Amino acid sequence: MYRMRVLNAAQVGSLVSMADAVDCVERAYRLYSDGQASLWPTIYHDFEAGRRDMDIKSGHMEGAGLFGLKVVSWVADNPLLRGLPALAGLVLVMSSERGVPLGIVDGMALTNLRTGAAGALGARTLARRDSRRALIAGAGAQGRAQLEGLVEVLPELKEVAVTSPDERMNGLYVEEMRSRFPRLLLSVAPWGALAEAVSEADVVVTCTPAREPFIDADWVRPGTHVNAIGADSKDKGELDEALAARASLFVDSRAQTLDHGEVRRAFERGLIGPDAVTEIGAVLLGRAAGRRSDDDVTLFDSTGMALQDIVTADLALRRAEERGVGVVVDM
Ligand SMILES: NC(=O)c1ccc[n+]([C@@H]2O[C@H](COP(=O)([O-])OP(=O)(O)OC[C@H]3O[C@@H](n4cnc5c(N)ncnc54)[C@H](O)[C@@H]3O)[C@@H](O)[C@H]2O)c1
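- As annotated in an unreviewed UniProt entry, the protein chain is Ornithine cyclodeaminase family protein from Aminithiophilus ramosus.
- According to the UniProt record, the Sequence similarities (unreviewed entry) comment for the protein chain reads "Belongs to the ornithine cyclodeaminase/mu-crystallin family."

Written out as structure tokens, the structure reads:
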């Protein structure tokens, strides 16, 4: 009747580079802000608050003839107790013309790639071109993917500091990323000296599951770009609300970020109105301005859209077909 392909994490990694993922996510952002793609409400469930949860994100890209969903779970203890990644799941891509499934792709590899690519687009579109120093708050899977994304788009990036409350994770991060990016000067910024580390950075990336803000608005110097990646549900938040009131705000989806992104608290407390946020897709389409000056503080808030997964998974599946990679199932 029809054939469907299944790809594992290693296959995704060999078929799609970070540069490819940046192109895919840019396409998703443009289609979404152009009204050629839509998101359906996210389903989020805590099995055990702060330790085990899952979400289902889905959407339709009329402009690409695709729809699909991603289901991922997050289990905090997995790496230490079970030797498994904290995040696991699957992305299902379907044809909206024929209605048939096209393939199933590993959700962890895809999440890391497409979220790193989201951060890359935030930085490429909004950070100062001469940005040299980045601070990455979060030494986990996203901390790694976010650095991979920044390296792709910031030609002057030389110094990267990582920070998190977990010294062991910080040490492992620096060791691993030094061998992957030998031209960068990598160091650990002590969690206790966060104020100084933030004030020295041209680009700050937050990618932790924190539920209370840990970055004060006053620490962020003029000209800084901030990528807020970690807060992707109502209970999370990494940045002082005063920063949202002070910065030029850019988001992946206005509806999603005002509902459960980093800017949500500032919006709910009346510090900003809905028009204070601009979708990055509108900037990429040339319909809205980005950074206004070298002194502007820009903040990109990403909650993550299924469209990023669908379009990147579709590229992996098309390349896999050309190269005969993966397992094909006759349905
Ligand atoms: N925006 C998106 O599209 C998107 C995509 C993927 C993941 N995320 C989110 O990014 C966050 C990080 O995901 P990950 O896979 O890298 O997780 P991870 O478990 O691999 O790493 C988390 C890091 O945050 C630190 N951390 C944990 N609790 C903290 C706290 N309360 N305060 C400060 N630091 C803390 C840990 O020490 C670690 O360094 C999660 O909230 C996840 O849901 C967002």
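1. Thoughts on empty space enclosed by the protein
Working step 1: Tallying each qualifying case throughout the model produces 1 cavity of 30 Å³ or more.
Working step 2: In this structure, the largest cavity is lined by Leu239, Asp240, Glu241, Leu243, Ala244, Glu262, Val263, Arg265 and Leu299.
Working step 3: Among the elements that make up the lining of the largest cavity, the one with the highest residue count is helix 8 (residues 241-246) (3 residues).
Working step 4: Residues that form the lining of the largest cavity fall into these classes: 5 nonpolar, no polar and 4 charged.

2. As for the pattern of salt bridges
Working step 1: Counted under the stated rule, the structure contains 28 salt bridges.
Working step 2: Of the charged contacts, one joins Arg133 and Glu200 as a salt bridge, the two residues approaching to 3.7 Å between their closest N and O atoms. With Arg133 in strand 7 (residues 133-137) and Glu200 in helix 7 (residues 194-200), this pair connects stretches of sequence that are 67 residues apart.
Working step 3: A relative accessible area of 35% places Glu200 in the partly exposed class.
Working step 4: In this structure, Glu148 engages Arg180 in a salt bridge whose closest nitrogen and oxygen atoms are separated by 2.8 Å. With Glu148 in helix 5 (residues 141-153) and Arg180 in helix 6 (residues 167-180), this pair connects stretches of sequence that are 32 residues apart.
Working step 5: You can call Glu148 partly exposed: its relative accessible area is 24%.
Working step 6: Taking the relative accessible area as the measure of exposure, Arg180 reaches 38% and is therefore partly exposed.

3. Digging into the sheet that holds strand 12 (residues 248-251)
Working step 1: What the 8 strands build is an open sheet, ordered 9-8-7-10-11-14-12-13; its pairing is parallel. The open sheet is flanked by strand 9 (185-188) and strand 13 (277-279), the only strands paired with a single partner. Taken over all neighbouring pairs, the strand axes of this sheet differ in orientation by 20° on average, direction set aside.
Working step 2: In this sheet, strand 10 (residues 203-206) lies alongside strand 7 in parallel orientation, the contact comprising 4 bridges. Among the inter-strand pairings, Ala134 is bridged to a residue of strand 10, identified as Val203.

Conventions we followed
Residues numbered from 1 in each chain as written. Predicted model: local features only at pLDDT ≥ 70, side-chain atom pairs only at ≥ 80, totals over all residues. Heavy atoms only, no water. UniProt positions renumbered as here; feature names shortened; annotations may be inferred. 1 Å grid on protein atoms, 1.4 Å probe; cavity = no way out; pocket = protein on both sides within 12 Å on 5 of 7 lines; lining within 4 Å. Points joined across faces, edges and corners; volume = space filled by probe spheres on them. Helix = DSSP H or I, 4+ residues; strand = E, 2+ residues; numbered from the N terminus. Nonpolar A, V, L, I, M, F, W, Y, C, P; charged D, E, K, R; others polar. Salt bridge = Lys/Arg side-chain N within 4 Å of Asp/Glu carboxyl O. Buried < 20%, exposed > 50% of the residue type's maximum accessible area, 1.4 Å probe, protein only. Pairing = 2+ DSSP bridges. Axes fitted to C-alpha atoms, helices over the stretch in contact; angles between N-to-C directions.

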